[in-house]
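Observations on the model geometry
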Amino acid sequence: MDGGTPTRDHNLRIDPRRLWDALMDMAAIGATPKGGVRRLTLTEVDKRGRDHFRKLCEAEGLTVTVDAIGNMFARRPGRDPSRKPVLFGSHLDSQPSGGKFDGALGVIAGLELIRTLNEAGVETEAPLVLCNWTDEEGSRFGHSLMGSGVWAGVYPLPKAYALADSEGVTVEQALESIGYKGEQTAECFPADSYFELHIEQGPILEAEDRLIGIVTGAQAQVWYDAVLTGRDSHAGTTPPLARRDALVGAARIIDLVDRMMRARGEAGRGTVGQLQVLPNSRNVVPGEVRFSVEFRHPDDAELAAIAEAFPKAAQAIADELRLSLTLTELFRFAAQPFDPDCIALVAETAKRRGFSARKIVSGAGHDAVYVARKVPTAMIFIPCKDGLSHNEEESILPEHAAAGAQVLCDAVLARANR
Ligand code: HGY
Ligand code: MN
Ligand code: MN
Ligand code: MN
């Protein structure tokens, strides 16, 4: 790559067709019949996505490294090696039946940025690093934003390694089995800034006909695992008062979660997404039920109030039904504001390109939430159809993907050459 003459504003244009083709190629890895993807973290399919990503990066002259938690970093040198790198990217893992753009858009748009620079022979002042973070979704091992969380010092590596999925496979075993337990330490390295392009995963941009979301931060979250234990007994012979039915208890706690959400109006979020009934036999009163609970709120005080009230109310339900309840708080994070300078750069960039934009707080969690604890960070959103995500029908318009990638490219370039 010959050195280009880095100027402040190259006015480089990404290639929308090349971007969309690369998105469709990645979407083919783990493609599901209904048009989504299944690339559960650290599975063989995730490995295929990772291998494909590595190949594309190396074909662009990037040096790819993998850290101890499997985070992938594809590095492009800058003119001034003493400068801290500008980071950008997202995640390639997906929900069990996820959409083809959640995470992948940010990674593939980052690759398009690199391709655009290479095509123009432009060298930036600061180095660039394109990131693929491990296990953003948290669906398999119960901790979302795991890779970025280890990198940012939120999760100790041994704790992350010991997390196990429902079959008892640990993160460390899964990393080893797909060959992505890297040598490099998973500690955060010095970085100038981080920019993440992502679909909004909600309805606001589409409803307001805005092209770009200038993301100012993300809301607070708390995740729990719950185990309710009663007693298996015969469905035909056990009278009501003798029953210790864990599924009835779970049903009442699920209703409690829903009522606590609705009590907070439009901003409330409370979800039970996973549920396992044991012994799961139609003529046995269930003696054990395991389920997930998560709450979110843009206001920390509200989230704290929920985290204070929920365990007590759930315990009262268990007591009433003579069940034992084990409630484990898996993690919690406060609402995370992003960096004002990076936010302003995204806003300026969108304006200069004439893209309609608005500021927005992210309802979803993203790797940027943890990276922001160490590095000045901002995010760029584009709309998704009907605000739908974590659904195989997730879809975006090619021109929206191109606009998001253009803003990412301009913002990273401006930051790397300032
Ligand atoms: O759950 C989340 O917010 C993220 O999309 N994994
Ligand atoms: Mn995502
Ligand atoms: Mn997601
Ligand atoms: Mn996310």
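Per an unreviewed UniProt entry, the protein goes by Zn-dependent hydrolase and derives from Elioraea tepida.

**Details of the overall build of the protein**
Across its full length, the protein carries 12 helices and 16 strands. For 418 residues, the compact-globule estimate of 2.2 N^0.38 gives 22 Å, and the protein sits close to it at 23 Å. Across its three principal axes, the protein shows a C-alpha extent of roughly 80 × 45 × 40 Å. Among the 418 residues that make up the protein, the fraction classed as buried is 56%. Excluding contacts between residues fewer than 6 apart, the proportion of contacts in the protein whose partners are at least 24 apart in sequence is 80%. Put simply, the protein shows about 17,000 Å² of open surface, and 52% of that area lies on carbon and sulfur atoms. With 47 positive and 58 negative side-chain charges, the protein shows a separation of 1 Å between the mean positions of the two kinds.

**Observations regarding the packing of helix α8 (residues 246-262) against helix α9 (residues 300-320)**
It is the contact of α8 with α9, at a shortest axis distance of 10 Å, that shows an interaxial angle of 155°. Judged by the angle between their axes, α8 and α9 are roughly antiparallel. The crossing of α8 and α9 is right-handed. Residue-level inspection shows G249, R252, I253, L256, V257 and M260 of α8 in contact with α9, the latter providing I306, A309, F310, A313, A314, I317 and E320. Of the residues assigned to the contact of α8 with α9, the class counts are 10 nonpolar, one polar and two charged.

**Comments concerning the site of ligand 1**
Ligand 1 sits among E136, E137, Q201, Q221, R296, A364, G365 and H390. Take E136: an N or O atom from its side chain is 3.1 Å from a nitrogen atom of ligand 1. Tallied by class, residues from the shell around ligand 1 come to one nonpolar, four polar and three charged.

**So, the UniProt feature "domain: Peptidase M20 dimerisation" (unreviewed entry) in the protein**
Mapped onto this structure's residue numbering, the UniProt feature "domain: Peptidase M20 dimerisation" (unreviewed entry) falls at residues 222-318. End C-alpha atoms of residues 222-318 are separated by 21 Å, and the span's content is 37% helix alongside 30% strand.

**Details of the packing of aromatic side chains**
All chains considered together, the criterion is met by 12 aromatic pairs. Where W133 meets Y194, the ring centres are 6.0 Å apart and the plane angle is 80°; that geometry is what we call edge-to-face. Highlighted residues: W133 in the loop between β4 (128-132) and α4 (146-151) and Y194 in strand β5 (residues 193-199), separated in sequence by 61 residues. Aromatic rings pair up to connect F73, W133, W151, F189 and Y194 into one cluster.

So, how was this worked out
- All residue numbers here refer to positions counted from 1 along the written sequence of the relevant chain.
- Numbering of ligands from 1 and lettering of chains from A proceed in the order in which they are written.
- Only residues with pLDDT of 70 or above have their local features reported here, since the model is predicted, and side-chain atom pairs are shown and tallied only from 80 upward, although totals for entire chains, interfaces and linings are computed over all residues.
- Where side-chain values are given, they derive from all heavy atoms of the structure, hydrogens and water being excluded.
- Think of it this way: any DSSP run of H or I at least four residues long counts as a helix, any run of E at least two long counts as a strand, and we number them from the N terminus.
- Each radius of gyration reported is based on C-alpha atoms, and the globular scaling rule is 2.2 Å times the count of residues to the power 0.38.
- Note on exposure labels: buried denotes an accessible area under 20% of the residue type's maximum, exposed denotes more than 50%, and partly exposed covers the range between, all computed with a 1.4 Å probe on protein chains only.
- By definition in these notes, contact holds between two residues if any of their heavy atoms fall within 4.5 Å.
- Residue burial considers only the protein chains on display, and all accessible areas are found by Shrake-Rupley using a 1.4 Å probe.
- Residues scored as positive are Lys and Arg, those scored as negative are Asp and Glu, and His as well as the terminal groups of each chain are ignored.
- A single reference atom marks each charge: NZ on Lys, CZ on Arg, CG on Asp, CD on Glu.
- To get an axis, a line is fitted to the C-alpha atoms, and for a helix only the part in contact is used. The angle between two axes follows their N-to-C directions and goes from 0 to 180 degrees.
- Any angle between 65 and 115 degrees counts as roughly perpendicular, while under 35 counts as roughly parallel, over 145 as roughly antiparallel, and the rest as oblique.
- The hand of a helix crossing depends on one turn: near helix anticlockwise from the far one by less than a right angle means left-handed, and clockwise means right-handed.
- Ten residues, namely Ala, Val, Leu, Ile, Met, Phe, Trp, Tyr, Cys and Pro, are considered nonpolar, four, namely Asp, Glu, Lys and Arg, are considered charged, and the remaining ones, Gly among them, are considered polar.
- If even one non-hydrogen atom of a residue comes within 4 Å of a molecule or strand, that residue is called near it.
- Under the rule applied, a polar contact is a pair of N or O atoms within 3.5 Å (in protein, one hydrogen donor and one hydrogen acceptor; residues adjacent in sequence only if both atoms are side-chain atoms).
- UniProt positions are given in the numbering used here, feature names are shortened, and annotations may be inferred rather than shown by experiment.
- The aromatic pairing rule takes the rings of Phe, Tyr and Trp, using the six-membered ring of Trp, and pairs them if the centres are within 6.5 Å, calling planes under 30 degrees apart stacked, those over 60 edge-to-face and the rest tilted.

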